[in-house]
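Below, each chain spelled out in residue letters.
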Amino acid sequence: METPPPVPEAKPPFGRSFYLMLFAPVATMAVAAAASAAGGRNSGLEGFGMVVSLLSLLAMIACSVVCSVMVGKRKGGWLGVLTFLGIQVIYISVACAGCAVAVGKMDFR
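What this report covers is the structure whose coordinates are included nearby. (Residues numbered from 1 in each chain as written. Predicted model: local features only at pLDDT ≥ 70, side-chain atom pairs only at ≥ 80, totals over all residues. Heavy atoms only, no water.)

1. Observations concerning the packing of aromatic side chains
The cut-off we apply is this: Stacked, tilted and edge-to-face are the three classes assigned to paired rings of Phe, Tyr and Trp, where Trp is represented by its six-membered ring and a pair needs centres within 6.5 Å; plane angles under 30 degrees give stacked, over 60 edge-to-face, the rest tilted. Type-normalised accessible area, obtained with a 1.4 Å probe on protein chains alone, sets the label of each residue: buried when under 20%, exposed when over 50%, and partly exposed for intermediate values.
On inspection of all chains with the given rule, the structure shows one aromatic pair. Here the aromatic rings of Phe 18 and Tyr 19 are separated by 5.2 Å at their centres, their planes lie at 80°, and the arrangement is edge-to-face. A residue is classified by how much of its surface remains accessible, and Phe 18, at 7% relative accessible area, is buried.

And the structure:
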């Protein structure tokens, strides 16, 4: 009886921490946009939304680097770089939408 060939070491799928790091900045930007939209002009919620929005931008950079390093270690360096660029496209579009909602209520008169 022949023995089957050895199975290469399969790396486990990405866990909960990867998806949490991927979607947490999107969720915080949604909270910031909702706070800015819920508050009236010059309200405390509008200011809170802008602060959370700016902090979310910093979290987006940090989380995209961490996620791309996770992918790079499992799948290879080039795929990690492509993941970083793809995540940046998603995060930039979410950030622009969130800032548009927050700034849409502002009045500079």
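There's more to say after this.
2. Topic: the environment of Gly 98
Convention followed: Helix numbering and strand numbering both begin at the N terminus, where a helix is a DSSP run of H or I of at least 4 residues and a strand a DSSP run of E of at least 2.
Relative to the helices and strands, Gly 98 resides in helix α3 (residues 77-104). Taking the relative accessible area as the measure of exposure, Gly 98 reaches 7% and is therefore buried. For the pair Gly 98 and Val 31, spaced 67 residues apart in sequence, the C-alpha separation works out to 9.2 Å.

3. Focus on helix α2 (residues 44-75)
The following threshold applies: Every helix has an expected span of 1.5 Å times one less than the residues it contains.
Relative to the 46 Å expected for 32 residues at 1.5 Å per residue, α2 spans 45 Å between its end C-alpha atoms, a close match to the ideal helical length. Within α2, the full set of buried residues consists of Glu 46, Gly 49, Val 52, Ser 53, Ser 56, Met 60, Cys 63, Ser 64, Cys 67, Ser 68 and Val 71.

4. Overview of the packing of helix α1 (residues 16-38) against α2
The following threshold applies: Axes, fitted as lines to C-alpha atoms, cover a helix only where it is in contact. Angles between the N-to-C directions of the axes lie from 0 to 180 degrees. Any angle between 65 and 115 degrees counts as roughly perpendicular, while under 35 counts as roughly parallel, over 145 as roughly antiparallel, and the rest as oblique. Note on convention: the crossing is left-handed when the near helix lies turned anticlockwise from the far helix by less than a right angle, right-handed when the turn is clockwise. For this scheme, ten residues count as nonpolar: Ala, Val, Leu, Ile, Met, Phe, Trp, Tyr, Cys and Pro. Four count as charged, namely Asp, Glu, Lys and Arg, and the remainder, Gly too, count as polar.
Relative orientation of the contacting elements α1 and α2 amounts to 165°, with a least axis distance of 8 Å. In terms of axis orientation, α1 runs roughly antiparallel to α2. The element α1 and its partner α2 pack so that their crossing is left-handed. Of the residues in the contact of α1 with α2, the class split is 20 nonpolar, six polar and one charged.

5. Re the nonpolar core
Put simply, the rule is: The set of buried Ala, Val, Leu, Ile, Met, Phe, Trp, Tyr and Cys residues whose side-chain atoms join them within 4.5 Å is what this entry labels a nonpolar core. We call two residues contacting when some pair of their heavy atoms lies within 4.5 Å.
Of all hydrophobic cores here, the largest spans ten residues; its members are Phe 18, Leu 22, Met 29, Met 60, Cys 63, Cys 67, Val 71, Ile 87, Tyr 91 and Ala 95. Mapped onto this core, the elements with two or more residues apiece are α1, α2 and α3. Here the element with the most residues in this core is α2; it accounts for four residues. Apart from the residues within four sequence positions on either side, Ala 95 is in contact with Met 29, Leu 57 and Met 60.

6. Observations concerning the environment of Ile 61
Looking at the element boundaries, Ile 61 is found in helix α2. The exposure class of Ile 61 is exposed, given its relative accessible area of 51%.

7. So, the side chain of Ser 56
This is how it is decided: Polar contacts, as used here, are pairs of N or O atoms within 3.5 Å; protein pairs need one atom able to donate a hydrogen and one able to accept it. Residues neighboring in sequence count only if both atoms are side-chain atoms.
Position of Ser 56 relative to the elements: it lies in helix α2. Separated by 3.2 Å, the side chain of Ser 56 and the backbone oxygen of Pro 25 make a polar contact. Once residues within four sequence positions are removed from consideration, Ser 56 is found in contact with Pro 25, Thr 28 and Met 29.

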